[in-house]
Amino acid sequence: MTISDWLIDVALLLVVFRQLREERLTPRTILLPLALIGWAAATYLHDIPTAGNDLVLIGAFAGTGVAFGLAGGLITRVRYADGHIRVRATLGAATLWVVSMGFRLGFAIWSSHPSGMDHLARFSADHTITGEQAWVAALVLMAFGEVVVRLAVIVARGRLLHTRAGHRGRDSLPAAV
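Residues numbered from 1 in each chain as written. Predicted model: local features only at pLDDT ≥ 70, side-chain atom pairs only at ≥ 80, totals over all residues. Heavy atoms only, no water.

Participant: Now, about the side chain of Glu23: what can you tell me, with residues and values included?
Facilitator: Here Glu23 is to be found in strand β1 (residues 23-24). Since its relative accessible area comes to 8%, Glu23 is described here as buried. (Helix = DSSP H or I, 4+ residues; strand = E, 2+ residues; numbered from the N terminus. Buried < 20%, exposed > 50% of the residue type's maximum accessible area, 1.4 Å probe, protein only.)

Structural data, given as structure tokens:
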């Protein structure tokens, strides 16, 4: 792993830890995590292999990310107060994020060592996974699914609260929401 790999992982963890304290839902709240995973996708996701069982692997990992994002979005505290949507990651939401980030980080470290490479090569051959890019796509799309779905759930919950509060206009919601 390169220093930029470590920095992006730390930045993504800090995004959630920052959300442990309540903050207004703003375009920055939405765009920062999207920018980070966008950078990761542009850096690592060169193609999505479709041979063998690559799509099964990618779909399983992406589906896991979506499930983590859905759960994280549902257990994040979202409320309407003082004319603004406010969000706060609960301990459970932060734990889900740390577990999924830790899995991806641990996998990257493990797979870059000789014994990890050997096990991964054997597993890939046994399960008709065509190569490294399938694993990369699976891990990146897992993170992408988690971030996008978590944000979508939070934004949808915020819009619902905003509407229930009788504010049909977009006066207090950020433009990206």
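On we go.
Participant: Go over unusual backbone geometry, please, and point to the residues and values.
Facilitator: Despite not being glycine, Asp82 has its phi angle at roughly 55°, a positive value. By the element assignment, Asp82 lies in the loop between β2 (77-81) and β3 (84-88). Asp82 sits in the exposed class, given a relative accessible area of 73%. The residue Thr128 is not glycine, and still its phi comes out positive at about 55°.

Participant: Describe in detail the confidence of the model for the chain, supporting the description with residues and values.
Facilitator: Averaged over every residue, the pLDDT of the chain is 86; residues scoring 70 or more account for 91%. By mean pLDDT, the top-scoring element of the chain is helix α3 (residues 54-75) (96), and the lowest-scoring one is helix α1 (residues 3-18) (72). (pLDDT = per-residue confidence, 0-100.)

Participant: Just give me the short version of the environment of Phe103, but keep the residues and values in it.
Facilitator: Here Phe103 is to be found in helix α4 (residues 91-111). Judged by relative accessible area, Phe103 falls into the partly exposed class, the value being 37%. Distance from Phe103 to Arg88, taken between C-alpha atoms, is 23 Å for residues 15 residues apart in sequence. Discounting residues that sit within four places of it in the chain, Phe103 has contacts with Phe61, Leu139 and Met142. (Contact = heavy atoms within 4.5 Å.)

Participant: Mind laying out the pattern of salt bridges, listing which residues take part and the relevant values?
Facilitator: Going through the model one piece at a time under the given rule, you end up with 4 salt bridges. Here Glu22 makes a salt bridge to Arg77, at a shortest N to O gap of 3.5 Å. Residue Glu22 is located in the loop between α1 and β1, and its partner Arg77 is located in strand β2; the two are separated by 55 residues in the primary sequence. Residue class for Glu22 comes out partly exposed when judged on its relative accessible area of 22%. Salt bridges sharing partners connect three or more residues here, namely Glu22, Arg77, Arg79 and Arg86. (Salt bridge = Lys/Arg side-chain N within 4 Å of Asp/Glu carboxyl O.)

Participant: Before we move on, could you go through helix α2 (residues 27-44) and cite the residues and values that matter?
Facilitator: Compared with the 26 Å implied by 1.5 Å per residue over 18 residues, the 25 Å span of α2 between its first and last C-alpha is a close match. All buried positions along α2 are accounted for by Thr29, Ile30, Pro33, Leu36, Ile37, Ala40 and Ala41. Along the axis of α2, the buried positions cluster into a sector of 145°, meaning they face one direction only. (Expected span 1.5 Å × (residues − 1). Arc of directions from axis to C-beta.)

Participant: How would you explain the nonpolar core if you had to name every residue and give the values?
Facilitator: Ranked by internal contacts, the top residues of the largest apolar core, which has 14 residues, are Leu57, Ile58, Phe61, Phe107, Ile129, Trp135 and Ala138. Broken down by element, this core gets its largest block of residues, 7 residues, from helix α6 (residues 132-164). Those residues within four positions of Ile129 in sequence are excluded, and the remaining contacts are Asn53, Asp54, Leu57, Phe123, Ser124, Ala134 and Trp135. Leu12, Leu36, Ala94 and Leu151 belong to the second-largest nonpolar core, a separate cluster that totals 13 residues. (Core = buried A, V, L, I, M, F, W, Y, C linked by side-chain atoms within 4.5 Å.)

Participant: Describe the packing of aromatic side chains, with residues and values.
Facilitator: Per the counting criterion, the structure on display carries 7 aromatic pairs. Ring centres 6.1 Å apart and planes at 90° place the aromatic pair Trp39 and Tyr44 in the edge-to-face group. Taking relative accessible area as the criterion, Trp39 reaches 33% and is therefore assigned partly exposed. Of the residues examined, Tyr44 reaches a relative accessible area of 25% and is grouped as partly exposed. Among the aromatic residues, those joined into a ring-pair cluster are Phe61, Phe103, Phe107, Trp110, Phe123 and Trp135. For Arg104, the ring lying beneath its charged end belongs to Trp97, and the centroid distance is 5.8 Å. (Phe/Tyr/Trp six-rings, centres within 6.5 Å; stacked < 30°, edge-to-face > 60°. Lys NZ or Arg CZ within 6 Å of the ring centre and 35° of its normal.)

Participant: Can you tell me about a nonpolar patch on the surface, naming the residues and giving the values?
Facilitator: On the surface, Val10, Leu14, Phe17, Leu20 and Val98 cluster together to form a nonpolar patch covering roughly 400 Å² of accessible area. With 3 residues, α1 is the single largest residue contributor to the nonpolar patch. By the element assignment, Leu20 lies in the loop between α1 and β1. (Patch = residues over 30% accessible without salt bridge, like charges linked within 9 Å, V, L, I, M, F, W, Y side chains within 5 Å. Areas by Shrake-Rupley, 256 points an atom, 1.4 Å probe, with all protein chains shown as cover.)

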